[in-house]
Amino acid sequence: MWWQSAWHGMSGLRMPNPIEDILKADIQENGPMSLARFLEIVLSHPQYGYYMNRDPFGGGGDFVTAPEVSQLFGEIIGAWAADVWMKMGQPERLILCECGPGRGTLMADAMRATKGLPDFHEAVELHLLEISPILQERQRAALGEFNPQWHKGLENLPDDAPMIVMGNEFLDALPFISLQKTREGWAERVVNYDGAYTFDLRLAAEFEDLVPFHLKKAEAGSIFEAAPVRNEFMTRVSERLKRQGGAAVFIDYGHVKTSLGDTFQALKDNKYVEALSCIGDADLTSHVDFEALVAEVFDQVQVHGPVTQGEFLRALGVEVRAQMLIDSNSEQQCADVKNGLHRLVASSEMGALFKVIGLSYWHGKELEIAGF
Ligand code: SAH
(Lines give C-alpha, C1' and ligand atoms only; values in the text may rest on other atoms or scores of the structure.)
Protein backbone atom coordinates (compact mmCIF):
# COMPACT_ATOMS: atom_id res chain seq x y z
CA MET A 1 0.00 0.00 0.00
CA TRP A 2 1.30 3.43 -0.90
CA TRP A 3 0.77 4.83 2.58
CA GLN A 4 2.91 2.14 4.23
CA SER A 5 5.92 3.24 2.25
CA ALA A 6 5.13 6.84 3.20
CA TRP A 7 5.24 5.84 6.87
CA HIS A 8 8.82 4.60 6.55
CA GLY A 9 9.95 8.17 6.16
CA MET A 10 8.19 9.35 9.32
CA SER A 11 10.00 9.86 12.61
CA GLY A 12 9.05 7.96 15.78
CA LEU A 13 7.25 9.05 18.94
CA ARG A 14 6.39 12.69 19.44
CA MET A 15 9.15 14.07 21.63
CA PRO A 16 7.88 15.42 24.94
CA ASN A 17 9.16 18.93 25.57
CA PRO A 18 12.34 18.59 27.73
CA ILE A 19 10.75 20.98 30.20
CA GLU A 20 8.53 18.10 31.28
CA ASP A 21 11.50 16.15 32.74
CA ILE A 22 12.46 19.20 34.75
CA LEU A 23 8.92 19.62 36.08
CA LYS A 24 8.44 15.95 36.90
CA ALA A 25 11.78 15.73 38.76
CA ASP A 26 10.93 18.86 40.73
CA ILE A 27 7.46 17.61 41.68
CA GLN A 28 8.87 14.21 42.64
CA GLU A 29 11.41 15.85 44.92
CA ASN A 30 9.43 18.75 46.38
CA GLY A 31 5.80 17.77 45.94
CA PRO A 32 3.10 19.65 44.02
CA MET A 33 4.26 22.99 42.71
CA SER A 34 2.89 26.51 43.06
CA LEU A 35 1.54 27.88 39.78
CA ALA A 36 3.98 30.79 40.06
CA ARG A 37 6.92 28.37 40.12
CA PHE A 38 5.39 26.25 37.38
CA LEU A 39 5.00 29.31 35.13
CA GLU A 40 8.49 30.52 35.94
CA ILE A 41 9.94 27.18 34.77
CA VAL A 42 7.65 26.61 31.79
CA LEU A 43 7.93 30.16 30.43
CA SER A 44 11.40 31.32 31.46
CA HIS A 45 13.66 28.28 32.04
CA PRO A 46 16.99 29.53 30.62
CA GLN A 47 17.24 26.65 28.11
CA TYR A 48 13.79 25.23 27.53
CA GLY A 49 11.42 28.01 28.62
CA TYR A 50 8.61 28.86 26.21
CA TYR A 51 9.84 32.42 25.62
CA MET A 52 13.52 31.48 25.51
CA ASN A 53 13.74 29.59 22.28
CA ARG A 54 11.06 30.77 19.90
CA ASP A 55 9.36 33.73 18.27
CA PRO A 56 5.76 33.11 19.34
CA PHE A 57 4.09 35.95 17.43
CA GLY A 58 2.09 36.33 14.27
CA GLY A 59 -0.20 34.19 12.13
CA GLY A 60 2.29 31.30 12.08
CA GLY A 61 2.96 31.59 15.82
CA ASP A 62 0.84 31.16 18.92
CA PHE A 63 -0.66 34.62 19.34
CA VAL A 64 -0.93 38.02 17.67
CA THR A 65 -0.33 41.24 19.61
CA ALA A 66 -1.49 44.80 18.90
CA PRO A 67 1.80 46.06 17.40
CA GLU A 68 1.77 43.08 15.03
CA VAL A 69 -1.84 43.85 14.05
CA SER A 70 -1.14 47.38 12.81
CA GLN A 71 1.59 50.01 12.70
CA LEU A 72 -1.02 52.42 14.13
CA PHE A 73 -0.47 50.97 17.59
CA GLY A 74 3.26 51.68 17.89
CA GLU A 75 2.87 55.04 16.18
CA ILE A 76 0.27 56.19 18.69
CA ILE A 77 2.40 54.99 21.61
CA GLY A 78 5.34 56.86 20.07
CA ALA A 79 3.29 60.05 19.85
CA TRP A 80 2.18 59.52 23.46
CA ALA A 81 5.80 59.20 24.62
CA ALA A 82 6.87 62.27 22.65
CA ASP A 83 4.03 64.24 24.22
CA VAL A 84 5.12 63.18 27.72
CA TRP A 85 8.69 64.26 26.89
CA MET A 86 7.44 67.67 25.79
CA LYS A 87 5.31 68.04 28.92
CA MET A 88 8.42 67.32 30.98
CA GLY A 89 10.11 70.27 29.24
CA GLN A 90 12.02 68.30 26.59
CA PRO A 91 14.82 67.00 28.84
CA GLU A 92 18.14 66.54 27.05
CA ARG A 93 18.30 62.89 28.07
CA LEU A 94 15.36 60.51 28.25
CA ILE A 95 15.58 56.90 29.44
CA LEU A 96 13.05 55.18 27.19
CA CYS A 97 12.37 51.67 28.44
CA GLU A 98 10.18 49.03 26.85
CA CYS A 99 9.33 45.93 28.89
CA GLY A 100 9.04 42.70 26.89
CA PRO A 101 9.36 44.21 23.38
CA GLY A 102 8.69 40.95 21.48
CA ARG A 103 9.83 41.51 17.90
CA GLY A 104 10.59 45.19 18.54
CA THR A 105 7.72 46.23 16.27
CA LEU A 106 6.04 48.66 18.68
CA MET A 107 9.27 50.56 19.31
CA ALA A 108 10.28 50.58 15.63
CA ASP A 109 6.90 52.12 14.73
CA ALA A 110 7.15 54.56 17.66
CA MET A 111 10.61 55.71 16.59
CA ARG A 112 9.62 56.07 12.93
CA ALA A 113 6.57 58.13 13.90
CA THR A 114 8.63 60.53 16.01
CA LYS A 115 11.58 60.93 13.64
CA GLY A 116 10.60 64.44 12.60
CA LEU A 117 10.28 65.78 16.13
CA PRO A 118 13.30 68.03 16.78
CA ASP A 119 15.69 66.76 19.49
CA PHE A 120 13.53 63.80 20.54
CA HIS A 121 15.66 61.06 19.01
CA GLU A 122 18.82 62.76 20.25
CA ALA A 123 17.41 62.66 23.78
CA VAL A 124 16.28 59.02 23.71
CA GLU A 125 18.45 56.35 25.34
CA LEU A 126 16.75 53.09 24.50
CA HIS A 127 16.59 50.31 27.10
CA LEU A 128 14.82 46.99 26.58
CA LEU A 129 13.79 44.52 29.29
CA GLU A 130 13.92 41.09 27.72
CA ILE A 131 14.77 37.61 28.98
CA SER A 132 14.60 35.77 25.67
CA PRO A 133 17.85 35.55 23.64
CA ILE A 134 15.96 34.79 20.44
CA LEU A 135 13.67 37.80 20.86
CA GLN A 136 16.68 39.97 21.75
CA GLU A 137 18.03 39.07 18.32
CA ARG A 138 14.74 40.05 16.69
CA GLN A 139 14.85 43.33 18.62
CA ARG A 140 18.44 43.95 17.53
CA ALA A 141 17.36 43.53 13.90
CA ALA A 142 14.43 45.94 14.31
CA LEU A 143 16.06 48.54 16.56
CA GLY A 144 19.84 48.22 16.18
CA GLU A 145 20.17 51.73 14.71
CA PHE A 146 19.01 53.19 18.06
CA ASN A 147 21.73 51.36 20.03
CA PRO A 148 19.46 49.69 22.57
CA GLN A 149 20.78 48.21 25.78
CA TRP A 150 19.22 45.04 27.16
CA HIS A 151 18.37 44.25 30.77
CA LYS A 152 16.68 41.42 32.64
CA GLY A 153 15.07 43.73 35.19
CA LEU A 154 14.68 47.40 36.06
CA GLU A 155 17.53 47.41 38.62
CA ASN A 156 20.34 48.26 36.25
CA LEU A 157 18.66 51.00 34.23
CA PRO A 158 20.32 54.42 34.54
CA ASP A 159 18.63 56.59 37.17
CA ASP A 160 20.13 59.98 36.34
CA ALA A 161 17.57 61.20 33.77
CA PRO A 162 13.77 61.26 33.37
CA MET A 163 12.22 58.03 32.24
CA ILE A 164 9.35 56.72 30.15
CA VAL A 165 8.39 53.05 30.59
CA MET A 166 6.02 51.10 28.36
CA GLY A 167 4.86 47.51 28.10
CA ASN A 168 2.31 45.82 25.89
CA GLU A 169 1.24 42.33 26.95
CA PHE A 170 4.16 42.27 29.38
CA LEU A 171 2.37 42.04 32.73
CA ASP A 172 0.27 39.04 31.67
CA ALA A 173 3.50 37.14 31.00
CA LEU A 174 4.62 37.51 34.63
CA PRO A 175 3.66 34.65 37.00
CA PHE A 176 0.50 34.54 39.10
CA ILE A 177 -1.05 32.11 41.55
CA SER A 178 -4.51 30.61 41.65
CA LEU A 179 -6.50 30.15 44.85
CA GLN A 180 -9.69 28.19 45.40
CA LYS A 181 -12.24 28.51 48.17
CA THR A 182 -12.85 25.23 49.98
CA ARG A 183 -15.08 24.43 52.95
CA GLU A 184 -11.97 24.73 55.14
CA GLY A 185 -10.86 28.09 53.75
CA TRP A 186 -8.78 29.38 50.82
CA ALA A 187 -6.34 26.89 49.29
CA GLU A 188 -3.67 27.26 46.62
CA ARG A 189 -4.14 25.34 43.38
CA VAL A 190 -0.82 23.56 42.89
CA VAL A 191 0.36 21.54 39.91
CA ASN A 192 0.88 17.81 40.48
CA TYR A 193 1.97 15.03 38.17
CA ASP A 194 0.58 11.54 38.43
CA GLY A 195 0.69 10.18 34.90
CA ALA A 196 -0.96 13.45 33.86
CA TYR A 197 -0.78 17.00 35.12
CA THR A 198 -3.54 17.96 37.51
CA PHE A 199 -4.36 20.66 40.03
CA ASP A 200 -4.24 19.72 43.72
CA LEU A 201 -5.30 21.98 46.55
CA ARG A 202 -2.94 23.06 49.33
CA LEU A 203 -4.54 24.66 52.34
CA ALA A 204 -2.57 27.32 54.17
CA ALA A 205 -3.65 30.24 56.31
CA GLU A 206 -1.34 32.67 54.47
CA PHE A 207 -3.46 32.52 51.29
CA GLU A 208 -6.42 34.04 53.09
CA ASP A 209 -4.48 37.33 53.27
CA LEU A 210 -4.10 37.51 49.49
CA VAL A 211 -7.87 37.57 48.94
CA PRO A 212 -9.47 41.04 49.18
CA PHE A 213 -11.90 41.41 52.05
CA HIS A 214 -15.06 41.65 49.94
CA LEU A 215 -14.26 38.35 48.20
CA LYS A 216 -13.25 36.30 51.23
CA LYS A 217 -16.80 35.00 51.72
CA ALA A 218 -17.03 33.56 48.19
CA GLU A 219 -18.81 30.24 47.68
CA ALA A 220 -16.81 27.02 47.90
CA GLY A 221 -15.28 26.27 44.49
CA SER A 222 -14.70 29.95 43.62
CA ILE A 223 -11.33 30.79 42.16
CA PHE A 224 -9.28 33.92 42.84
CA GLU A 225 -6.04 34.78 41.06
CA ALA A 226 -3.35 36.88 42.69
CA ALA A 227 -0.21 38.16 41.04
CA PRO A 228 2.22 39.48 43.65
CA VAL A 229 5.02 39.55 41.05
CA ARG A 230 3.05 41.87 38.75
CA ASN A 231 2.07 44.14 41.61
CA GLU A 232 5.65 44.21 42.82
CA PHE A 233 6.79 45.18 39.33
CA MET A 234 4.44 48.19 39.42
CA THR A 235 5.99 49.24 42.72
CA ARG A 236 9.47 49.07 41.18
CA VAL A 237 8.32 51.24 38.25
CA SER A 238 6.71 53.80 40.53
CA GLU A 239 9.86 53.99 42.69
CA ARG A 240 11.83 54.78 39.53
CA LEU A 241 9.36 57.45 38.45
CA LYS A 242 9.56 59.08 41.88
CA ARG A 243 13.35 59.08 41.77
CA GLN A 244 13.78 60.24 38.17
CA GLY A 245 10.50 61.78 37.09
CA GLY A 246 8.56 60.46 34.15
CA ALA A 247 5.64 58.31 33.11
CA ALA A 248 4.68 54.73 32.34
CA VAL A 249 2.01 53.04 30.28
CA PHE A 250 1.00 49.37 30.40
CA ILE A 251 -1.51 47.76 28.08
CA ASP A 252 -2.91 44.30 28.67
CA TYR A 253 -6.00 42.15 28.66
CA GLY A 254 -7.72 42.15 31.99
CA HIS A 255 -10.39 43.52 34.26
CA VAL A 256 -10.88 46.91 35.88
CA LYS A 257 -12.34 45.48 39.10
CA THR A 258 -10.76 42.78 41.22
CA SER A 259 -13.02 39.78 40.87
CA LEU A 260 -13.36 36.02 41.18
CA GLY A 261 -12.80 33.73 38.23
CA ASP A 262 -10.39 31.40 36.48
CA THR A 263 -8.62 33.27 33.65
CA PHE A 264 -5.62 30.94 33.33
CA GLN A 265 -5.26 30.46 29.58
CA ALA A 266 -3.01 28.64 27.15
CA LEU A 267 -2.65 29.73 23.53
CA LYS A 268 -1.08 27.56 20.87
CA ASP A 269 -1.27 28.20 17.12
CA ASN A 270 -3.69 31.08 17.80
CA LYS A 271 -6.14 28.72 19.52
CA TYR A 272 -7.02 28.22 23.17
CA VAL A 273 -5.90 24.82 24.48
CA GLU A 274 -6.39 23.14 27.85
CA ALA A 275 -4.17 24.98 30.36
CA LEU A 276 -2.04 22.01 31.44
CA SER A 277 -1.73 20.40 28.00
CA CYS A 278 1.05 21.27 25.50
CA ILE A 279 3.38 22.16 28.35
CA GLY A 280 6.30 24.23 27.08
CA ASP A 281 4.68 24.72 23.68
CA ALA A 282 1.81 27.07 24.54
CA ASP A 283 1.79 30.62 25.87
CA LEU A 284 0.46 30.57 29.44
CA THR A 285 -1.04 33.73 30.91
CA SER A 286 -3.91 35.10 32.96
CA HIS A 287 -5.92 38.29 32.84
CA VAL A 288 -4.38 41.27 34.58
CA ASP A 289 -6.19 42.63 37.63
CA PHE A 290 -5.92 46.39 37.02
CA GLU A 291 -7.57 47.29 40.31
CA ALA A 292 -4.78 45.45 42.11
CA LEU A 293 -2.19 47.39 40.10
CA VAL A 294 -3.85 50.69 41.01
CA ALA A 295 -4.05 49.68 44.68
CA GLU A 296 -0.33 48.94 44.64
CA VAL A 297 0.83 52.40 43.52
CA PHE A 298 -1.95 55.00 43.88
CA ASP A 299 -0.40 56.48 47.02
CA GLN A 300 3.04 56.71 45.41
CA VAL A 301 2.50 58.26 41.98
CA GLN A 302 -0.28 59.77 39.90
CA VAL A 303 -2.38 56.99 38.37
CA HIS A 304 -4.32 57.41 35.11
CA GLY A 305 -7.11 55.07 34.07
CA PRO A 306 -7.47 52.22 33.60
CA VAL A 307 -9.34 52.95 30.37
CA THR A 308 -10.02 50.57 27.52
CA GLN A 309 -7.55 50.28 24.66
CA GLY A 310 -10.26 51.63 22.33
CA GLU A 311 -10.74 54.74 24.49
CA PHE A 312 -6.99 55.28 24.86
CA LEU A 313 -6.18 55.00 21.16
CA ARG A 314 -9.14 57.14 20.12
CA ALA A 315 -8.26 59.84 22.66
CA LEU A 316 -4.80 59.94 21.11
CA GLY A 317 -6.16 60.36 17.60
CA VAL A 318 -5.76 56.89 16.13
CA GLU A 319 -8.65 57.53 13.73
CA VAL A 320 -7.06 60.73 12.43
CA ARG A 321 -3.77 58.92 11.91
CA ALA A 322 -5.55 56.06 10.11
CA GLN A 323 -7.29 58.53 7.79
CA MET A 324 -3.92 60.13 6.94
CA LEU A 325 -2.59 56.72 5.91
CA ILE A 326 -5.78 55.93 3.98
CA ASP A 327 -5.65 59.22 2.06
CA SER A 328 -2.09 58.70 0.91
CA ASN A 329 -1.95 55.00 0.04
CA SER A 330 -3.15 52.37 -2.40
CA GLU A 331 -6.48 50.58 -2.12
CA GLN A 332 -4.98 47.38 -0.71
CA GLN A 333 -2.98 49.29 1.89
CA CYS A 334 -6.13 51.24 2.84
CA ALA A 335 -7.96 48.00 3.46
CA ASP A 336 -5.11 46.86 5.76
CA VAL A 337 -5.20 50.14 7.69
CA LYS A 338 -9.00 50.01 8.12
CA ASN A 339 -8.89 46.40 9.15
CA GLY A 340 -6.06 47.08 11.62
CA LEU A 341 -7.89 50.05 13.12
CA HIS A 342 -11.01 47.96 13.60
CA ARG A 343 -9.12 45.16 15.32
CA LEU A 344 -7.39 47.58 17.68
CA VAL A 345 -10.38 49.69 18.75
CA ALA A 346 -13.64 47.76 18.20
CA SER A 347 -15.24 46.43 21.38
CA SER A 348 -15.83 43.09 19.68
CA GLU A 349 -12.07 42.84 18.98
CA MET A 350 -9.22 44.13 21.20
CA GLY A 351 -10.78 47.51 22.02
CA ALA A 352 -12.65 46.59 25.21
CA LEU A 353 -10.89 43.53 26.63
CA PHE A 354 -7.54 45.32 26.64
CA LYS A 355 -7.06 48.03 29.26
CA VAL A 356 -4.48 50.77 29.64
CA ILE A 357 -3.04 52.15 32.87
CA GLY A 358 -0.76 55.17 33.12
CA LEU A 359 1.54 56.32 35.92
CA SER A 360 3.30 59.65 36.20
CA TYR A 361 5.37 61.71 38.61
CA TRP A 362 7.24 64.97 38.11
CA HIS A 363 9.14 66.40 41.07
CA GLY A 364 6.20 66.10 43.44
CA LYS A 365 3.87 67.80 40.98
CA GLU A 366 1.11 66.40 38.81
CA LEU A 367 2.07 65.42 35.30
CA GLU A 368 -0.98 65.12 33.09
CA ILE A 369 -0.42 62.53 30.41
CA ALA A 370 -2.56 62.15 27.30
CA GLY A 371 -4.99 59.35 26.50
CA PHE A 372 -6.91 59.02 29.77
N1 SAH B 1 5.26 43.57 23.70
C2 SAH B 1 5.36 42.59 22.65
C3 SAH B 1 5.54 41.15 23.19
C4 SAH B 1 4.57 40.66 24.23
S5 SAH B 1 4.90 38.98 24.74
C6 SAH B 1 4.17 42.70 21.73
O7 SAH B 1 3.23 43.39 22.09
O8 SAH B 1 4.20 42.12 20.65
C9 SAH B 1 5.81 39.14 26.21
C10 SAH B 1 7.22 39.63 26.06
O11 SAH B 1 7.79 39.76 27.36
C12 SAH B 1 8.17 38.73 25.28
O13 SAH B 1 9.10 39.55 24.60
C14 SAH B 1 8.84 37.94 26.39
O15 SAH B 1 10.05 37.34 26.01
C16 SAH B 1 9.02 39.02 27.43
N17 SAH B 1 9.14 38.56 28.82
C18 SAH B 1 8.41 37.59 29.41
N19 SAH B 1 8.73 37.49 30.72
C20 SAH B 1 9.68 38.43 30.95
C21 SAH B 1 10.42 38.84 32.10
N22 SAH B 1 10.26 38.24 33.28
N23 SAH B 1 11.31 39.85 31.97
C24 SAH B 1 11.50 40.47 30.78
N25 SAH B 1 10.81 40.11 29.65
C26 SAH B 1 9.95 39.11 29.73
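For clarity, every value in this text was computed on a predicted model and none was experimentally measured. (Residues numbered from 1 in each chain as written. Predicted model: local features only at pLDDT ≥ 70, side-chain atom pairs only at ≥ 80, totals over all residues. Heavy atoms only, no water.)

Asker: Tell me what's going on with the overall build of the protein, and back it up with residues and numbers.
Answerer: What the protein contains, in helices and strands, is 14 helices and 16 strands. If you line up the protein on its principal axes, its C-alpha atoms span 65 × 60 × 40 Å. Among the 372 residues that make up the protein, the fraction classed as buried is 53%. Within the protein, residue pairs in contact and separated by at least 24 positions form 75% of the contacts whose partners lie at least 6 positions apart. (Helix = DSSP H or I, 4+ residues; strand = E, 2+ residues; numbered from the N terminus. Buried < 20%, exposed > 50% of the residue type's maximum accessible area, 1.4 Å probe, protein only. Contact = heavy atoms within 4.5 Å.)

Asker: Give a detailed account of the sheet that holds strand S13 (residues 283-285), specifying residues and quantitative values.
Answerer: The strand order across the open sheet built from three strands is S12-S11-S13, with neighbouring strands paired in antiparallel fashion. The sheet is open, and its two borders are formed by strand S12 (271-273) and S13, each paired with just one other strand. Neighbour to neighbour, the strand axes of the sheet diverge by 35 degrees on average, direction disregarded. With three bridges joining them, strand S11 (residues 265-268) and S12 adopt antiparallel strand pairing. Among the inter-strand pairings, Ala266 is bridged to a residue of S12, identified as Val273. (Pairing = 2+ DSSP bridges. Axes fitted to C-alpha atoms, helices over the stretch in contact; angles between N-to-C directions.)

Asker: Explain the pairing of strand S8 (residues 197-203) residue by residue, including any values.
Answerer: Sheet analysis places strand S7 (residues 185-193) next to S8, joined by seven bridges and oriented antiparallel. Counted as the bridge partner of Glu188 is Arg202 from S8. If you look at the hairpin formed by S7 and S8, you'll find three residues sitting between the two strands, and Gly195 has a positive phi there, around 85 degrees.

Asker: Any details on the pattern of salt bridges? Residues and values, ideally.
Answerer: Inspection of the entire model under this criterion finds 21 salt bridges. Across the pair Asp55 and Arg103 runs a salt bridge, and its minimum N-O distance is 2.9 Å. With Asp55 in the loop between helix H3 (35-44) and helix H4 (66-69) and Arg103 in the loop between strand S2 (94-99) and helix H6 (105-113), this pair connects stretches of sequence that are 48 residues apart. Arg138 is the salt-bridge partner of Asp55, the closest N and O atoms lying 2.4 Å from each other. Here Arg138 lies in helix H8 (residues 133-143) and Asp55 lies in the loop between H3 and H4, a separation of 83 residues in the sequence. Using a relative accessible area of 37% as the deciding quantity, one classes Arg138 as partly exposed. Salt bridges here are not isolated pairs; linked through shared partners, they connect Asp55, Glu68, Arg103 and Arg138. (Salt bridge = Lys/Arg side-chain N within 4 Å of Asp/Glu carboxyl O.)

Asker: Give a description of the environment of Lys242 that names residues and reports values.
Answerer: With respect to the helices, strands and loops of the structure, Lys242 is situated in helix H10 (residues 228-244). With a relative accessible area of 36%, Lys242 lands in the partly exposed category. With residues near it in sequence (within four places) discarded, Lys242 still touches Gln300, Val301 and Tyr361. A distance of 3.0 Å separates the side chain of Lys242 from the side chain of Gln300, its partner in a polar contact. (Polar contact = N/O pair within 3.5 Å; in protein donor to acceptor, adjacent residues only side chain to side chain.)

Asker: Can you lay out the side chain of His127 for me, pointing to particular residues and giving the numbers?
Answerer: If you trace the backbone, His127 turns up in strand S3 (residues 124-129). On the basis of relative accessibility, which here comes to 1%, the residue His127 falls in the buried class. Those residues in contact with His127, other than ones at most four positions away along the chain, are Ile95, Leu96, Cys97, Glu98, Gln149, His151, Leu157 and Pro158.

Asker: Could you give an account of the site of the ligand, with specific residues and numbers?
Answerer: Inspection of the region around the ligand gives 17 residues, with Thr65, Gly100, Gly102, Glu130 and Asn168 positioned closest. The backbone of Gly100 places a nitrogen or oxygen atom 2.7 Å from a nitrogen atom of the ligand. Between the ligand and the protein, one listed contact pairs a nitrogen atom with a backbone N or O atom of Asn168 at 2.8 Å. Here the ligand, which alone exposes 570 Å², has 94% of that area covered by the protein. A per-class count over the shell around the ligand returns ten nonpolar, five polar and two charged. (Near = heavy atom within 4 Å. Areas by Shrake-Rupley, 256 points an atom, 1.4 Å probe, with all protein chains shown as cover. Nonpolar A, V, L, I, M, F, W, Y, C, P; charged D, E, K, R; others polar.)

Asker: An account of the environment of Val337 is needed here, citing residue identities and associated values.
Answerer: Within the secondary structure layout, Val337 lies in helix H14 (residues 331-345). We classify Val337 as buried; its relative accessible area is 12%. The sequence separation of Val337 and Leu129 amounts to 208 residues, and the corresponding C-alpha distance is 29 Å. Excluding its chain neighbours within four sequence positions, the residues that come into contact with Val337 are Leu72, Ala322, Leu325 and Ile326.

Asker: Can you break down the pairing of S3 residue by residue, with the values?
Answerer: Counting buried positions along S3 yields five of six residues, so the element is predominantly enclosed. Bridging between S2 and S3 involves six bridges; their strand directions are parallel. When the bridges of S3 are listed, Leu94 appears paired with Val124. With three bridges connecting them, S3 and strand S4 (residues 149-151) associate as parallel partners. Following the sheet pairing, His127 is matched in S4 by Gln149. For the segment spanning S3, H8 and S4, crossover handedness is right-handed. (Right-handed = clockwise from strand over helix to strand, strands pointing away.)

Asker: If you had to explain helix H2 (residues 19-30) to someone new, which residues and values would you point to?
Answerer: Taking 1.5 Å of rise per residue, the twelve residues of H2 would be expected to cover 16 Å, and the 16 Å separating its terminal C-alpha atoms lies within 8% of that figure. Looking at H2, one finds that the buried residues are Ile19, Glu20, Leu23, Asp26 and Ile27. All buried residues of H2 fall inside an arc of 130 degrees around its axis, so they share one side. The outward face of H2, more than 90 degrees from its buried face, is lined by the exposed residues Asp21, Gln28 and Glu29. For H2, the elements touching its buried residues are strand S1 (33-34), H3, S7 and S8. Downstream of H2 by one or two residues, Gly31 has phi in the positive range, about 85 degrees. (Expected span 1.5 Å × (residues − 1). Arc of directions from axis to C-beta.)

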